Every structure is written in structure tokens, then in C-alpha cells.
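Chain residues, written in single-letter form:
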Amino acid sequence: MDPVKFRKLNVLRDGDEGALGGIYETAGALGVIERAVKQIGWSKSKKAGVGRGISLAERGTGTGRATVIIEVDQTGRAVIRIGVMEVGTGSHTVVREVVARVLDISTDHVVVIQGDTASGPFDVGSGGSKVTNTTGGAAFKAATQLRARLCKLAAEAQGWPEEQARFEKGIFFCAGKSKRIPYTALIKKLVDLNGGVIREEAENRAGRGKASGYACHAAEVAVDRETGQVRINRVV
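Residue indices begin from 1 for each chain and proceed along its sequence in written order. Confidence filtering applies because this is a predicted model: local features only for residues at pLDDT of at least 70, side-chain atom pairs given and counted only at 80 or more, and all residues used for totals across whole chains, interfaces and linings. Derived side-chain values reflect all non-hydrogen atoms in the structure, with water molecules and hydrogen atoms excluded from consideration.

Draft legend 1. Quick look at the packing of aromatic side chains. Note on aromatic pairs: the rings of Phe, Tyr and Trp (six-membered ring only in Trp) are paired at centre separations within 6.5 Å, and the planes decide the class, stacked below 30 degrees, edge-to-face beyond 60, tilted for the rest. Taken as a whole and assessed by the stated rule, the structure comprises 3 aromatic pairs. A ring pair is formed by F167 and F172, whose centres lie 4.3 Å apart and whose planes are at 15°; its orientation type is stacked. Buried means the residue's accessible area, taken with a 1.4 Å probe over protein chains only, is under 20% of the maximum for its type, while exposed means over 50%, and partly exposed covers the values in between. Overall, F167 belongs to the buried group, its relative accessible area being 1%. Overall, the relative accessible area of 0% leaves F172 in the buried class. Put simply, the rings of F167, F172 and Y183 pair up and form one aromatic cluster. One cation-aromatic arrangement involves R180 over F173; the distance from NZ or CZ to the ring centre is 4.1 Å. Placement of a charge over a ring requires the Lys NZ or Arg CZ to be within 6 Å of the ring centre, with the centre-to-atom vector within 35 degrees of the ring normal.

Here is the structure:
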């Protein structure tokens, strides 16, 4: 059977169940196969001694447990306390970006502090492509809790109905009212109202993600039938 046809018949598609269980909401295997096949010219005729091959690899999302603490002080700075080290893969950058996006504030107002075994919250550590899923997931939960907490405090500070308090793009406001208050203008009052630093902590026990990463390589190789010399014509 043609190698491409074989793989297309057997790869996971969106909504399929994996071999180890769990439903893949997004499986990009078919897409990378089709792109590689097109790039290598799989269906084009070949000269004698020329062959084409294809390979497919999958890299799932790592799993594990992590805890993240986020604190906001009177300056409006969000301090993220984590236990995972930065080994050069951008772990701290990812966590910082997650928190900034959830809180809808500039990354200039967000800082990451890596604790040691005595002061840092628990984290299973870096390895196995899991930090975004584990620590990033914990940061998302903590930031979501913190955002809700800020809205509650803003409602109390301004006399708004709690369920109508909003915080979007760095602005506090009450639904249906025109008044808008910048984050930097109100945060000191909210911290004072809270009795000190506003702190939220969240744990994440991350399972395997509902999507997976795929890579497909295709190669065209020529073999001299008299000398046995192998020449790689093209790899995609």
C-alpha cells in the first residue's frame, strides 16, 4: 500500500479516541501529511533509482501538578510566585503572558519570582513538554480567581452591584454606566480595602491535553545502482 494512503487511513482525526484513552478535540496529523506530500511532489513521476519516503511523529502534552500564587500590591504590580525554574524554554515568559492576558493588563505590570524549595509553591518541574499545561494552567486559574476578586473589591469600593462590575483592558467599570476607572488609578484603594496585598493561589493537576502536536517529514533520495552512492535530493 502507498505509504501516504496507509498513514491517512490510520491517523487520528478530530474527535477520535487515542490509544491510551481520551478524546482528541484537535488532531493535526492529516494536515501536516498533506502539506509534506504537496511540498515533496509525492504524486509526480520519478526517474529510475529515485524514491520518496514519509514519516510522521506525534508529541503529546505533558502532565503533572503545579501551584501558582499571584499577589497584587499598591503599585498594581502582579507578582507571580512559581516553583518551576527557567531552563531556557520560555517557561517564565509563558506564565507571565498567561497572567497578563487573563487580567487584561500589560506585561510591564507582571513579574515572575521563582522560589526555592522552602519558599516556592510546589511544581513538578520542567520536562516532557508540560510547563504550559501544568504551571500555565495553574497561573490561568489563579489569575481568573484574582480577576474576580478585583471586580468584587471594585464593586465594594465604588458602590456598584457586584454582578455588574467589570474589568476589561485595564479599565474598571459598571455595566450600563459610563464611568471608567483605570486599573492604575483604583488599585491602591482596592489593596487598602482588602487590608493589604491581594493574593490568590491555585493548584492545577493537569492531564493530557485534548490536542496534540504532529510533525511530518518527506524525503526524496536517489541511489546510483552501479556504485550504490546515495544522494539526498530534497527533504521537507
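There's plenty left to go through after this.
Draft legend 2. Geometry of the pattern of salt bridges. Salt bridges are counted wherever a side-chain nitrogen of Lys or Arg sits within 4 Å of a carboxyl oxygen of Asp or Glu. Counted according to the given criterion, the structure contains 9 salt bridges. The partner of R149 in a salt bridge is E200, and the shortest N-O contact between them spans 2.7 Å. One end of the pair, R149, is in helix α4 (residues 131-158); the other, E200, is in strand β9 (residues 198-206), and 51 residues separate them in sequence. What you see here is one network of salt bridges that share partners, running through E71, R81, R199 and E201. Helical segments are the DSSP runs of H or I of at least four residues, strand segments are the runs of E of at least two, and each set is numbered from the N terminus.

Draft legend 3. View of the side chain of R52. Relative to the helices and strands, R52 is located in strand β2 (residues 50-59). Under the rule applied, a polar contact is a pair of N or O atoms within 3.5 Å (in protein, one hydrogen donor and one hydrogen acceptor; residues adjacent in sequence only if both atoms are side-chain atoms). A polar side-chain atom of R52 sits 3.3 Å from the main-chain carbonyl oxygen of W42. Two residues qualify as a contact provided that any one of their heavy atoms is within 4.5 Å of a heavy atom in the partner residue. With sequence-adjacent residues up to four places away left out, R52 is seen in contact with I40, G41, W42, K44, S45, K46, A219 and E220.

Draft legend 4. Expanded view of the sheet that holds strand β7 (residues 171-174). Should DSSP find at least two bridges between two strands, the strands are regarded as paired. Taken in spatial order, the 3 strands make up an open sheet running β6-β7-β8, and their pairing is antiparallel. Lying at the two open borders of the sheet, with one neighbouring strand each, are β6 (165-168) and β8 (180-182). For this sheet the average axis-to-axis angle between neighbouring strands, irrespective of direction, equals 25°. Relative to β7, β6 is paired through 4 bridges, and the arrangement is antiparallel. Each residue of the ladder has a partner; that of F167, found in β7, is F172. Those strands touched by helix α5 (residues 183-194) are β6, β7 and β8, and its axis lies near 80° from that of β8. Between N-to-C directions, angles cover 0 to 180 degrees, with each direction set by a line fitted to C-alpha atoms, over the stretch in contact for helices.

Draft legend 5. Focus on the pairing of strand β11 (residues 230-235). With 0 of 6 residues buried, β11 lies mostly on the surface of the structure. The pairing of strand β10 (residues 211-223) with β11 spans 5 bridges and is classified as antiparallel. Paired with V221 across the bridge in β11 is I232. The hairpin formed by β10 and β11 contains 6 residues between the paired strands, and G228 there has a positive phi angle of roughly 80°.

Draft legend 6. Quick peek at the sheet that holds β9. Read from one edge of the open sheet, 4 strands run β5-β4-β3-β9, paired in mixed fashion. With one partner strand each, in any of the chains shown, β5 (110-114) and β9 form the two edges of the open sheet. The average angle at which neighbouring strand axes cross in this sheet is 20°, direction not considered. Of the strand pairs in this sheet, strand β4 (residues 78-82) and β5 are connected by 5 bridges, and their pairing is parallel.

Draft legend 7. Quick peek at the packing of helix α3 (residues 91-103) against α4. α4 packs onto α3 with a crossing angle of 30° between their chain directions and a minimal axis gap of 9 Å. It follows that α3 is roughly parallel to α4 by the angle criterion. When the axes of α3 and α4 are compared, the crossing they make is right-handed. In contact with S91, V94, V95, V98, V99, V102 and L103 of α3, α4 contributes V131, T132, T135, G136, A139, F140, A143, T144, L146 and R147. Charged means Asp, Glu, Lys or Arg here, nonpolar means Ala, Val, Leu, Ile, Met, Phe, Trp, Tyr, Cys or Pro, and polar covers whatever is left, Gly included. Here the residues of the contact of α3 with α4 are counted per class, giving 11 nonpolar, 5 polar and 1 charged. Note on terminology: angles under 35 degrees are roughly parallel, angles over 145 are roughly antiparallel, angles of 65 to 115 are roughly perpendicular, and the others are oblique. A clockwise turn of the near helix away from the far one marks a right-handed crossing, whereas an anticlockwise turn of less than a right angle marks a left-handed crossing.

Draft legend 8. View of unusual backbone geometry. Not every positive phi belongs to a glycine, and D104 is a case in point at roughly 60°. Assignment of secondary structure puts D104 in the loop between α3 and β5. One non-glycine residue with positive phi stands out, namely K169, at about 50°. By the secondary structure assignment, K169 is in the loop between β6 and β7.

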